[in-house]
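Results of the structural survey
This is what each chain is made of:
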Amino acid sequence: MCGITGFTGKGTALPVLMQGLEKLEYRGYDSAGVTLADDQGLRTFKAKGRLSELRSIVENRELHQHTGIGHTRWATHGVPNNLNAHPHTNSTNTISLVHNGIIENYVSLKQMLENNGYVFQSETDSEAVVHLIDYYYRRFQDMETAFKRAVRDLEGSYGLCVISTYAPDTVFVARKESPMILGISDEGTYCASDAPALLEYTRKLMTLNDGDIAVLKPEHIALFDAKGNEKKEEWMEFPYDLQSAQKGGYDTFMEKEIHEQPQTIRETMRGRIEGKSIVLPELDPILGRILRADHVLWIACGTAYHACVYGQMVLNRLVPINSAAIPASEFRYGNYYVDKNTLCIFVSQSGETADTLAAIKRAKSSGAATIAVANVLGSSLTRIADATVYTCAGLEIAVASTKAYTAQLTLIYLLAQKLAEIMGYSTREHDEIITYLNELDRLTQETIDIAKPVIREYASMLKNEHDVYFIGRQLDYVSAMEGALKLKEISYIHADAYYAGELKHGPIALIQDQTVVIAFATQPEVASKTISNIKETVARGAKIILITDQNTPAEGFTYVIRIPEIRPDLACIISAVIFQFLAYYAASERGCDIDKPRNLAKSVTVE
Ligand code: F6R
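The shown structure was predicted, so the numbers you read here are calculated from the model rather than taken from an experiment. Once a new chain begins, its residue numbering starts again from 1 and follows that chain's sequence as written. Thresholds applied to this predicted model are a pLDDT of at least 70 for local features of residues and 80 or more for the giving and counting of side-chain atom pairs; totals over whole chains, interfaces and linings are not thresholded and use all residues. Each side-chain value is derived from all of the structure's non-hydrogen atoms; neither hydrogens nor water enter the calculation.

1. Side note on the overall build of the protein
Numbering of helices and strands runs from the N terminus; a helix is a DSSP stretch of H or I covering at least four residues, while a strand is a stretch of E covering at least two. Along the backbone of the protein there are 17 helices and 27 strands. Scaling as 2.2 N^0.38, a compact globule of 607 residues should have a C-alpha radius of gyration of about 25 Å, and the protein matches this with 25 Å. By its C-alpha atoms, the protein is 80 × 55 × 45 Å across when sized along the principal axes. Pairs at least 24 residues apart make up 70% of the contacts formed inside the protein by residues separated by at least 6 positions. Carbon and sulfur atoms provide 46% of the accessible area of the protein, an area that totals close to 22,900 Å². In the protein, 60 positive and 75 negative side-chain charges are present, and the distance between their average locations comes to 2 Å. The size measure is the radius of gyration over C-alpha atoms, and the globule rule it meets is 2.2 Å times the number of residues to the 0.38 power. Contacts: residue pairs with any heavy atoms within 4.5 Å of one another. Using a 1.4 Å probe, accessible areas were evaluated by the Shrake-Rupley method; residue-level cover was limited to the displayed protein chains. Residues counted as positive are Lys and Arg, residues counted as negative are Asp and Glu, and His and the chain ends are not counted. Charged side chains are reduced to one point each, which is NZ for Lys, CZ for Arg, CG for Asp and CD for Glu.

2. Details of the sheet that holds strand 23 (residues 467-472)
Read from one edge of the open sheet, 5 strands run 24-23-25-26-27, paired in parallel fashion. The outermost strands of the open sheet, each flanked by one partner alone, are strand 24 (494-499) and strand 27 (559-562). On average, each strand axis in the sheet is tilted by 15° relative to the strand beside it, whichever way the strands run. Being paired, for any two strands, means DSSP has found at least two bridges between them. Pairing between strand 26 (residues 543-548) and strand 27: 4 bridges, direction parallel. Across the sheet, residue isoleucine 545 finds its bridge partner in strand 27, namely tyrosine 559. Fitted lines through C-alpha atoms serve as axes, helices being fitted only where they are in contact, and the angles separating the N-to-C directions of these axes extend from 0 to 180 degrees.

3. Topic: the pattern of salt bridges
For salt bridges, the criterion is a side-chain nitrogen of Lys or Arg within 4 Å of an Asp or Glu carboxyl oxygen. Within the structure shown, the criterion is met by 28 salt bridges. In this structure, the salt-bridge partner of aspartate 386 is arginine 289, at a minimum N-O distance of 3.5 Å. On the criterion of sequence distance, the pair formed by aspartate 386 in the loop between helix 12 (380-384) and strand 22 (387-390) and arginine 289 in helix 8 (residues 287-292) is long-range, its members being 97 residues apart. Accessibility here uses a 1.4 Å probe with only protein chains present; expressed as a share of the type maximum, an area under 20% marks a residue as buried, one over 50% as exposed, and anything in between as partly exposed. Residue classification places aspartate 386 among the partly exposed residues on the basis of a relative accessible area of 27%. On the accessibility criterion, arginine 289 (25% relative accessible area) is partly exposed. Between lysine 504 and glutamate 536 there is a salt bridge, with its nearest N and O atoms 3.7 Å apart. Here lysine 504 is found in the loop between strand 24 and strand 25 (516-521), whereas its partner glutamate 536 is found in helix 16 (residues 524-538), with 32 residues between them in sequence. Relative accessible area serves as the criterion here: at 21%, glutamate 536 is assigned to the partly exposed category. Put simply, Glu429, Glu432, Arg567 and Asp569 are held in one network by salt bridges that share partners.

4. A closer look at the pairing of strand 25
By the criterion of burial, strand 25 is predominantly enclosed, with 6 of the 6 residues buried. Neither face of strand 25 is left uncovered, since the one carrying Val516, Ile518 and Phe520 and the one carrying Val517, Ala519 and Ala521 both have all their residues buried. The pairing of strand 23 with strand 25 spans 4 bridges and is classified as parallel. Paired with tyrosine 469 across the bridge in strand 25 is valine 517. As for the winding sense of the linkage, the β-α-β connection from strand 25 through helix 16 to strand 26 is right-handed. Whether a crossover is right-handed depends on one test, that the path from the first strand over the helix to the second runs clockwise when the strands point away from the viewer.

5. Quick look at the site of the ligand
Any residue with a heavy atom lying within 4 Å of a molecule or strand is counted as near it. Around the ligand, the surrounding shell holds 13 residues, and the nearest of these are Ser348, Gln349, Ser350, Thr353 and Glu489. Glutamine 349 is positioned with one of its backbone polar atoms (N or O) 2.6 Å from an oxygen atom of the ligand. Any pair of nitrogen or oxygen atoms within 3.5 Å is treated as a polar contact; in protein, a donor-acceptor pairing is required on top of that, and neighbouring residues in sequence qualify only through side-chain atoms on both sides. The separation between an oxygen atom of the ligand and a polar side-chain atom of glutamate 489 is 2.6 Å. Secondary structure elements with two or more residues in the shell around the ligand: helix 9 (302-318) and helix 15 (475-491). Of the residues forming the shell around the ligand, the biggest block, 3 residues, is contributed by helix 9.

6. Structural notes on the sheet that holds strand 12 (residues 213-216)
Pairing in this open sheet of 7 strands is antiparallel, and the strands run 5-6-7-8-12-13-14 from one edge to the other. Every other strand in the sheet has two partners, leaving strand 5 (88-89) and strand 14 (230-231) as the edge strands with one partner each. Most of the contacts of helix 4 (residues 127-140) go to strand 6 (residues 95-100), to which it runs at about 140°, and overall it touches strand 5, strand 6 and strand 7 (158-164).

7. Considering the domain arrangement of the protein
Taken domain by domain, the protein holds domain 1 (3-100 + 158-246), domain 2 (255-427) and domain 3 (446-589). Each of domain 1 and domain 3 has a C-alpha centre, and the two are 44 Å apart. In this entry, domain limits derive from an automatic or database-based domain assignment.

8. Side note on the packing of helix 4 against helix 5 (residues 143-152)
The contact between helix 4 and helix 5 brings their axes to 8 Å, and the two run at 130°. Classed by the angle they form, the pair helix 4 and helix 5 counts as oblique. In this structure, helix 4 crosses over helix 5, and the sense of that crossing is right-handed. Only Met143, Thr145, Ala146, Phe147, Arg149 and Ala150 of helix 5 make contact with helix 4, whose side of the interface consists of Leu132, Ile133, Tyr136, Tyr137 and Phe140. Each residue gets one of three labels, nonpolar for Ala, Val, Leu, Ile, Met, Phe, Trp, Tyr, Cys and Pro, charged for Asp, Glu, Lys and Arg, and polar for the others, Gly among them. Residue composition of the contact of helix 4 with helix 5, by class: 9 nonpolar, 1 polar and 1 charged. Convention used here: angles under 35 degrees read as roughly parallel, angles over 145 as roughly antiparallel, angles from 65 to 115 as roughly perpendicular, and any remaining angle as oblique. Helix crossings fall into two classes, left-handed where the near helix is turned counterclockwise from the far one by less than a right angle and right-handed where it is turned clockwise.

9. A look at the side chain of serine 348
Relative to the helices and strands, serine 348 is located in strand 20 (residues 342-348). Within the structure, the side chain of serine 348 is placed 2.8 Å from the backbone nitrogen of glycine 351, a separation counted as a polar contact. Discounting chain neighbours no more than four positions away, the residues touching serine 348 are Ala304, Thr353, Val373, Ala374, Asn375, Leu381 and Gln408.

10. A word on the nonpolar core
Taken as a class, soluble globular proteins show a tendency for nonpolar side chains to be buried jointly. Ranked by size, the top nonpolar core spans 131 residues in total, and within it Tyr310, Ile345, Leu437, Phe470 and Ile518 carry the most contacts. Beyond its immediate chain neighbours, meaning those up to four positions away, isoleucine 345 contacts Val296, Leu297, Trp298, Ile299, Ile371, Val373, Leu415 and Leu419. Take the buried residues of types Ala, Val, Leu, Ile, Met, Phe, Trp, Tyr and Cys, join any two whose side-chain atoms come within 4.5 Å, and each joined set is a nonpolar core. Listed in part, the 31 residues of the second largest apolar core include Phe120, Ile133, Ala146 and Ala150.

11. Focus on helix 13 (residues 403-422)
The first and last C-alpha atoms of helix 13 sit 28 Å apart over 20 residues, in line with the 28 Å expected at 1.5 Å per residue. Among the 20 residues that make up helix 13, 19 are buried, leaving the element largely enclosed by the rest of the structure. Glycine 424 occupies a position one or two residues after helix 13 and carries a positive phi of about 95°. Helix span is expected to be 1.5 Å times the residue number reduced by one.

Written out as structure tokens, the structure is:
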């Protein structure tokens, strides 16, 4: 969601902040701002809209300060405008703050502060925090003490960065349930809500732990836990370079990331198949609890939830125990039975999605064993889970998930096989499974090569559509759901997914002459049934794009893509590239901002 950057050091802060914010643009925002500090005072600049608006305000000014904070805001409390844009400053313009997250007790804080004479300028929850720090500064006359004291009063989620004329070479940082990365180089110290903002300057990074506070000085960072005890920094060398955060010759990050999938699938498999065995030593600490599990829940949001439905279906075929997929936003409040014999698997690219984090906390408090399937190293989800298996999709920048999704499907498939093995259920198809897994990257590349020459033409059929329907049975329904999500989020064409067998129970009423139906029939057991359902839509005038296997008869269909020969339970993985391209080219023909779709954010860190 919102992006944060902060810097203090030898160099000039403004370019570091602006370039950092540019690298965070993919997270989604609707206004932006920076504050720069020196002993002369604070200078704040804000603009509604794109970063280019802010850039036009700051360029050609003499701004050589060495300390500053920056922000891109995605509106939650208050409309996007200059007043609500961050940074927020106190009335004497001596303290400035940027905030990600939601301060849940801001109404009572605001009340208390107004009773003490504070006047609010904006509609945001964040402004309460800057006045609160001012309130404590007046009492303690020390910025560090005031910042730490104010943080203690906050309820909700926050990534906070504060600068002040009272300590003009310092950036004060705190986080709770909102991501925050710290960095260090010979030039200075940095903070940001996501690593790409810092990669141009340093790869020596660390994640600020939940509840911790950091005090950034030009040459070092002091860390404190929630109780105020000083902690040791634990730096790590970030595994991705700046290259990963650049488009590398493609027009968009999404296009680049779709093409990267053979490689990211290979990376996700790396070291996890030895001979004929699937190896996931990450599960060792909870083997006993897996063995005891009498039901398995797969929990996540959005695309990651679709990966969970895949996990549920694959596991249900392997072990005779109940397995269900539940959206995290429902699970966190719902009446789903969870106890110490429940195994809960949480899937998340970012590892920072607010609903998924709340869901894992609920599962743990009910005694469940928890596994995280995450992409971002050291993310909050991985710190909470009993065991973590990482997808190795690398940095995913486009808001619409592509390579993270196929990496999730790949790892979930391995995980389901491993869980079945641990639980004592073996399959006679084991050797064939290993053979196809070893071929998965090549088969994904082959699917890209098959799909690309025709998919532009198919996508142009969608250009002027208002409603498109995706259908499939069993595992093909996972592709239908994810295909519909991809199309709607980046092209803004309304798309829905239905089980093909459910059509005649209602949705077929929507089919008219020339309605586009995108059908998946890659599961031999039910392919003929799906083809019958498709024909029912053709009889009502539907135009069909059919994605099917090598053997399903498809006479009479004009727009057909046949995926390479593969085990049906792996077909979802390779067919994903087809609907990703379809959505991509449809969005591109409609002139959409593909990497930054409207109203969406890469990492949804608020509820
Ligand atoms: C859609 C998309 C979102 C995310 C969802 C969960 O393309 O990317 O639906 O899948 O917001 O995000 P993570 O996986 O970071 O928990």
